[in-house]
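Residues per chain, in single letters:
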Amino acid sequence: MHKLLISTAIASIVGFSAASAADVVTQAPEAPAVETPAGFTWTGPYAGIRGGGNWVNGDFSIPGASGSEDLSGGLVGGFIGYNWQFENNVVLGLEGDLNYNWNKDTIAPGVKVGTDIDGSVRARLGYAIDRALIYATGGWEATRGFVDTGSKDTKTFNGWTVGAGVDYAFTDRVFGRLEYRYTDFGSKDISGVNVDLKQNAVVVGLGVKFW
């Protein structure tokens, strides 16, 4: 009889312990889910400032004479645009810029020529490698040329521009830029002088993505 009671007690204790252990295992808290951060994307609007140097080659002709001059100077301006990045890392964009140039030279006694304000509207096609965006760009560009013979006469030149560059995102919002562009502005007559302008420009920039 005593043996039976002891056996029953032992069985009850073992059963209770097993049930308690099962409850402990069942009630163990779940590990928190790990959230994977979203990858960087170039999609969205942006704006920035730019500056650098440009080299304008000007061909000038008047009745009975012609010549060529290199008008070199600095530039400073701003840009604004929008990018669309696709799943294959191809990036399409549309961008515009507006700049002030310090390009002028004297081509004859009392005759100064140069350019001052220019701007462009361009398409961009690029490929994103993580935070680096390598791109080509092309579109329309215009500049204001002038001939100063004591009084300043100006004309607007319209032409085409092509170039390439790289943007690099330092943070999710801030990026830097290095860009080269070639522009053919065509020709205009200013104060009796036929002026044909072509420009090479190298600029650096700092931009901000809005989202």
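Since the model is a prediction, treat every value here as computed from it, not as a measurement.

A.B. asks: Explanation requested: the overall build of the protein in the structure shown.
C.D. replies: Along the backbone of the protein there are one helix and eight strands. Its helices and strands taken in sequence order, the protein reads α-β-β-β-β-β-β-β-β from the N to the C terminus. Across the 211 residues of the protein, 36% fall into the buried class. A fraction of 62% describes how many contacts in the protein between residues 6 or more apart in sequence connect residues 24 or more apart. In the structure as shown, the protein presents an accessible area of about 12,100 Å², 65% of it carried by carbon and sulfur atoms.

A.B. asks: Where do I start with the nonpolar core in this structure?
C.D. replies: Generally speaking, soluble globular proteins have nonpolar side chains that are buried together. Judged by nonpolar contacts, Val-56, Phe-60, Leu-71, Val-111, Val-113, Val-147, Phe-157, Phe-185, Ile-190, Val-193, Val-195 and Leu-197 together constitute the single largest core of twelve residues. Elements with a minimum of two residues in this core: β1 (44-62), β4 (111-129), β7 (174-190) and β8 (193-209). Ignoring any residue separated from it by four or fewer positions in sequence, one finds Phe-185 in contact with Glu-141, Ala-142, Thr-143, Phe-157, Asn-158, Gly-159, Leu-197 and Gln-199. Listed in part, the ten residues of the second largest apolar core include Val-91, Leu-133, Tyr-135 and Ala-169.

A.B. asks: I'm lost on the environment of Asp-105 in this one. Help?
C.D. replies: Topologically, Asp-105 is positioned in strand β3 (residues 90-108). Separated by ten residues in the primary sequence, Asp-105 and Thr-115 have C-alpha atoms spaced 9.8 Å apart. Beyond its immediate stretch of four places on either side in the chain, Asp-105 contacts Glu-69, Asp-70, Leu-71, Val-111, Lys-112 and Val-113.

A.B. asks: So what exactly am I meant to see when it comes to the environment of Asn-194 here?
C.D. replies: Mapping Asn-194 onto the fold places it in strand β8. With relative accessibility at 25%, the residue Asn-194 sits in the partly exposed group. Apart from the residues lying within four places of it in its own chain, the contact partners of Asn-194 are Asp-59, Phe-60, Ser-61, Ser-187, Lys-188 and Asp-189. Side-chain polar atoms of Asn-194 contact the side chain of Asp-189, separated by 2.9 Å.

A.B. asks: Would you mind going over a nonpolar patch on the surface with me for this structure?
C.D. replies: Taken together, the side chains of Trp-55, Tyr-127, Ile-129, Ile-134, Val-166, Leu-178, Tyr-180, Val-202 and Val-204 make up a nonpolar region of the molecular surface, amounting to roughly 820 Å² of accessible area. At the level of secondary structure, the elements contributing two or more residues to the nonpolar patch comprise β4, β7 and β8. Positionally, Tyr-127 belongs in strand β4. Given a relative accessible area of 41%, Tyr-127 falls into the partly exposed group.

A.B. asks: Please explain the pattern of salt bridges as it appears in this structure.
C.D. replies: Opposite charge on two side chains lets them pair, provided their charged atoms get close. Under the counting rule described, the total for this entry stands at 14 salt bridges. As a salt-bridge pair, Arg-50 and Glu-179 come within 3.4 Å of each other at their nearest N and O atoms. One end of the pair, Arg-50, is in strand β1; the other, Glu-179, is in strand β7, and 129 residues separate them in sequence. Taken as a pair, Arg-50 and Glu-179 share a single burial class, namely buried. One salt bridge connects Asp-172 with Arg-131, and the closest N-O pair in it is separated by 2.7 Å. Taken as a pair, Asp-172 in the loop between β6 (152-169) and β7 and Arg-131 in the loop between β4 and β5 (132-148) lie far apart in primary sequence, 41 residues in all.

What counts as what
Residues numbered from 1 in each chain as written. Predicted model: local features only at pLDDT ≥ 70, side-chain atom pairs only at ≥ 80, totals over all residues. Heavy atoms only, no water. Helix = DSSP H or I, 4+ residues; strand = E, 2+ residues; numbered from the N terminus. Buried < 20%, exposed > 50% of the residue type's maximum accessible area, 1.4 Å probe, protein only. Contact = heavy atoms within 4.5 Å. Areas by Shrake-Rupley, 256 points an atom, 1.4 Å probe, with all protein chains shown as cover. Core = buried A, V, L, I, M, F, W, Y, C linked by side-chain atoms within 4.5 Å. Polar contact = N/O pair within 3.5 Å; in protein donor to acceptor, adjacent residues only side chain to side chain. Patch = residues over 30% accessible without salt bridge, like charges linked within 9 Å, V, L, I, M, F, W, Y side chains within 5 Å. Salt bridge = Lys/Arg side-chain N within 4 Å of Asp/Glu carboxyl O.

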